Amino acid sequence: MTEYHPAKIEPKWEKKWEEQKLYQIATQQPRNTATKKFYDLVMFPYPSGNLHMGHVRNYAIGDVIARFKRMQGFSVLHPIGWDAFGLPAENAAIKNKSHPADWTAKCINQMTKQLKRLGISYDWSREVTTCKEDYYKWTQWIFLKFLGKELAYQKKAMVNWCPDCQTVLANEQVKEGKCWRCDSPVYEKALKQWFLKITDYAQRLLSDIEKLSGWPEPVKIMQRNWIGKSRGVEIKFGVAPFSSQVLNIYTTRPDTLFGVTYMVLAPEHPMVDKLTKGTKYEKAVQAFKEKVKHETLHEREESSGKEGVFTGAYAINPANNEEIPIWISDYVLMEYGTGAVMAVPAHDQRDFEFAKTHNLPIKVVIKDGNRDALPRACRGVQSQVSDNKAFIDEGIMVNSAQFNGQPSPDGLKNIGDWLVKKGVGTWKTNYKLRDWLISRQRYWGVPIPVIYCDKCGVVPVPEKDLPVKLPKNVRFTGKGSSPLAQVAEFVNTKCPKCRASAKRETDTMDTFICSSWYYYRYTDAQNKTQAFAKEKVDHFMPVDQYIGGIEHAILHLLYSRFFAKFLYDQKLVPTDEPFKNLLTQGMVIKDGAKMSKSKGNVVDPDDIIKKYGADTARLFILFAAPPQKELEWSDKGVEGCFRFLNRVWRLVTQIINCKPQATNPELTKKTHQTIKAVTEDIERFSFNTAIAKMMELTNELSRANDKDPEAIKALLILLSPFAPHITDELWNKLGNKKSIHQEPWISYDPALIKEDELTIVVQVNGRMRDTIKVSATAEKNAVICAAKASEKVKNFTSGKQIVKEIYVPNKLVNLVVK
């Protein structure tokens, strides 16, 4: 009996699969003419140089699904590619005095080897690389489609500027005031930029979230919040003493209008200079405006709202004609609403804090309907600023003229309608979502296909002239404007319209543009004359299962939905939502923290593969936790999975060349129960419990005196999506000529799985801790009590509070503790 040596058998099978083109969709053998497609997609990686364990988890999950669906008879599209443009390549070029293209190619080569060594069943004939001309030609083509529909435009705007990366960042790329790439502090800068008009699609993006029944609820909530729809009234406030001037404000709380005691403008508001020019307030106002210029958008959004300067001017409240002072503060932004807000300190906490700081009046107009008396700070019209909270809930209106006594929700509508009738208000729907800033002042990105002509203005590059190619002879310093701006032969060109001398745009596109449509290119990756043929994209789209990190909930996933809707409107794609189902996997952590070089807790996949083999790495990453949960790395867990594969090896090699033995009814029953359980577990992505079931079956088969060859073959088929190398090797040793991955998925006989006693998996916080035996007729409460009574489970629940008990009938109990 030979020993199990992963280093010998795994490369052998990887080579065979590649030679046989086993995973190319064109060579997959449909089981019948009615075979359905299944598009299984993992988020493609940025070629950073090496895979990490998070990559391994993502790709192993996708591979199990792909292999399982193929064996079920689906025609599976399971492609891979590279999100290859971006700042790290350019920064590496600056650091290492190399070219970004060379650095990227080197990284792709390394990561390709690693992916193949993991045994991931990609169709490599569909590989796409976003930095290659045959891809970014079509990225530019799509940009021109946006431009032609007036959904791509330029404007000068305050933008987020990263001084280290020397580039503009979209709002979504600023994390807690820092660059999402390099963690440098970000500040605002005025530049003329290119934008995509995603706001034209705001309502559709919001409404169609309801279509996404196969998406996790947290992702949908994040998208709803980011789009941020609100319904309110735009109100005209007069300005004293400028009778011809009007200040428009937008509010979702017109029910508080009678409680406005001051107004706040954004420092950039055009009225600020008009109101203060030549007054004694001008100097202080200008000093404050200068200070705010050095604050980032994030800092202003998170501002406590306590800093501000009085302009010396007053607005007139249209509800009661009261004059209210006009201030400026950093917490009001021109980008949101009208750049002016009415302040109601009694009923808004930030207004309350500002009023307390600057000794401004607080006027109560809504009282708590559940209390007979107002809070101490809210007695009378002019409250004493003595408490620390505004009353922000619904209540009964007071101090609001004819609206007194109305419930505030009624007052909200009635005051809004009253303002409309008076001609000083308009009902409006607003969104927090802002247009997508796509300009980047760097080299390593897609050139924006636009030419500037003194005679003709902004001229799109004709489609026949695409791609606008990145020049190779570029000098990288990491400072100043885009390196493209320094390449005269790139910048200087001819106007396509009048043939006069003209200049090219030197900004490149945000790399999220590339990843917003790549899933379409996979359907027709070799097409040289189209981005994708209509019949190909119609056949494969939408993606049936998309897999990636929840950190992409706003950036990539929202942008991809936007692209899908636009391309659908152009009649280029068949659906307006790109991803039917979404699985967001949790992070891989070690010693309680995310793996990082600085923490010294990184596990190199190559080291694990070298010591234990790719199948062990895959098996552990799938067994250690449910895919949606965080996974705590465990060296002992890896060793345990390696021991399990050794048991499978010994079990199978024991029956080679043995005479067929009589079928064991008990083993047959157990085998069919396992087939059913594993099939159902894979379908719902419970890979950890599926592996646990296979471990149980292996133990049963190992203990049996008579080795059942059919049961062992069934075990290999069940295990093959998880551990593809060892199962193909053992399948071959059993005398089978075809790859195990070409076998149909095994089915169970319902008559054989009836059970008087059930095995229930017991989890604590989603991790398997024990299995228990219960009667098939046991009630839910009895099963949960039995689970709690398990000694192994008590080790993990002792001294902790069980806050939730989850019971999946006949399957598992999950005890949630804290």
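Structure: see above.
The structure reproduced in this document is the subject of the present report. As the structure is a prediction and not an experimental result, all values here were calculated from the model.

Description of the packing of helix H18 (residues 614–623) against helix H23 (residues 724–733)
Between two packed helices, both the angle of their axes relative to each other and the distance between the axes serve to describe the pair.
Inference 1: Two numbers describe how H18 lies on H23: the axes approach to 7 Å, and their chain directions differ by 125 degrees. With respect to H23, the element H18 is oriented oblique. Contacts between H18 and H23 involve Ala614, Asp615 and Arg618 from the former and Pro724, His725 and Ile726 from the latter.
Inference 2: Per-class residue counts for the contact of H18 with H23 are three nonpolar, one polar and two charged.

Observations concerning the pairing of strand S27 (residues 582–585)
Inference 1: Neither face of S27 is left uncovered, since the one carrying Leu582 and Thr584 and the one carrying Leu583 and Gln585 both have all their residues buried.
Inference 2: Two elements, strand S26 (residues 545–549) and S27, share four bridges in a ladder whose sense is parallel. Paired with Tyr546 across the two strands is Leu582, which belongs to S27.
Inference 3: In this region the chain leaves S26, passes through helix H16 (residues 555–569) and returns to the parallel neighbour S27; the handedness of that crossover is right-handed.

Side note on the packing of aromatic side chains
Inference 1: The final tally for this structure, using the stated rule, is 43 aromatic pairs.
Inference 2: Here Tyr518 and Tyr519 contribute two aromatic rings whose centre-to-centre distance is 5.8 Å and whose plane-to-plane angle is 75 degrees, an arrangement assigned as edge-to-face.
Inference 3: Its relative accessible area of 0% is what places Tyr518 among the buried residues.
Inference 4: Its relative accessible area of 0% is what places Tyr519 among the buried residues.
Inference 5: On the numbers, 6.1 Å between centres and 55 degrees between planes, the contact of Phe685 with Phe687 is tilted.
Inference 6: For Phe685, a relative accessible area of 18% puts it in the buried group.

Quick notes on helix H20 (residues 665–683)
Inference 1: When the terminal C-alpha atoms of H20 are compared, their 27 Å separation across 19 residues agrees well with the 27 Å that a helix rising 1.5 Å per residue should span.
Inference 2: Between the side-chain oxygen at the start of H20 and the backbone nitrogen of Glu666 there is a gap of 2.9 Å, and the oxygen is on Asn664.

Quick notes on the pattern of salt bridges
Inference 1: Scanning the entire structure with this criterion turns up 43 salt bridges.
Inference 2: A salt bridge links Lys590 to Asp591; the shortest N-O distance between them is 3.8 Å.
Inference 3: Residue Lys590 is classed as buried on the basis of its relative accessible area of 19%.
Inference 4: For Asp681, the salt bridge identified is with Lys693, shortest N-O distance 3.3 Å. Here Lys693 lies in helix H21 (residues 687–703) and Asp681 lies in helix H20, a separation of 12 residues in the sequence. Comparing Asp681 with Lys693 shows no difference in burial state: the two are buried.
Inference 5: One salt-bridge network, in which partners are shared between bridges, spans Asp208, Lys211, Arg561, Lys565, Asp576 and Glu577.

Remarks on the environment of Lys565
Inference 1: Mapped onto the fold, Lys565 is located in helix H16.
Inference 2: Overall, Lys565 belongs to the buried group, its relative accessible area being 0%.
Inference 3: Counting along the chain gives 371 residues from Lys565 to Trp194, while the straight-line C-alpha distance between them is 20 Å.
Inference 4: Residue contacts for Lys565: discarding those within four places in its chain leaves Tyr201, Arg204, Leu205, Asp208, Asp576 and Glu577.

So, the sheet that holds strand S22 (residues 457–460)
Inference 1: What the four strands build is an open sheet, ordered S22-S21-S24-S23; its pairing is antiparallel. If you trace the sheet from one side to the other, it starts and ends with S22 and strand S23 (492–494), each paired once. On average, each strand axis in the sheet is inclined to that of its neighbour by 40 degrees, with strand direction left out of account.
Inference 2: In this sheet, S22 lies alongside strand S21 (residues 450–453) in antiparallel orientation, the contact comprising four bridges. Its bridge partner being in S22, Ile451 is matched across the sheet by Val459.

A closer look at the nonpolar core
Inference 1: If you look at the biggest cluster of nonpolar residues, it comprises 174 residues, and the most contacted ones within it are Phe143, Trp436, Tyr519, Tyr520, Phe563, Trp633 and Phe722.
Inference 2: In terms of residue count, helix H2 (residues 53–71) provides more of this core than any other element does, 10 residues in total.
Inference 3: Ignoring any residue separated from it by four or fewer positions in sequence, one finds Phe722 in contact with Val64, Arg618, Leu619, Leu622, Ile682, Phe687, Ala690, Ile691 and Met694.
Inference 4: Of all hydrophobic cores here, the second largest spans 36 residues; its members include Met271, Leu275, Ile326 and Trp418.

Concerning the sheet that holds strand S29 (residues 593–594)
Inference 1: The strand order across the open sheet formed by three strands is S29-S28-S30, and the pairing between neighbours is mixed. Strand pairing shows two members of the sheet lacking a second neighbour, S29 and strand S30 (631–632), which therefore form its edges.
Inference 2: Across two bridges, strand S28 (residues 588–590) lies against S29 in antiparallel orientation. Residue pairing in the sheet places Lys590 in a bridge with Ala593 of S29.

Parameters and conventions
- Residues numbered from 1 in each chain as written.
- Predicted model: local features only at pLDDT ≥ 70, side-chain atom pairs only at ≥ 80, totals over all residues.
- Heavy atoms only, no water.
- Axes fitted to C-alpha atoms, helices over the stretch in contact; angles between N-to-C directions.
- Helix = DSSP H or I, 4+ residues; strand = E, 2+ residues; numbered from the N terminus.
- Parallel < 35°, antiparallel > 145°, perpendicular 65-115°, else oblique.
- Contact = heavy atoms within 4.5 Å.
- Nonpolar A, V, L, I, M, F, W, Y, C, P; charged D, E, K, R; others polar.
- Buried < 20%, exposed > 50% of the residue type's maximum accessible area, 1.4 Å probe, protein only.
- Pairing = 2+ DSSP bridges.
- Right-handed = clockwise from strand over helix to strand, strands pointing away.
- Phe/Tyr/Trp six-rings, centres within 6.5 Å; stacked < 30°, edge-to-face > 60°.
- Expected span 1.5 Å × (residues − 1).
- Polar contact = N/O pair within 3.5 Å; in protein donor to acceptor, adjacent residues only side chain to side chain.
- Salt bridge = Lys/Arg side-chain N within 4 Å of Asp/Glu carboxyl O.
- Core = buried A, V, L, I, M, F, W, Y, C linked by side-chain atoms within 4.5 Å.

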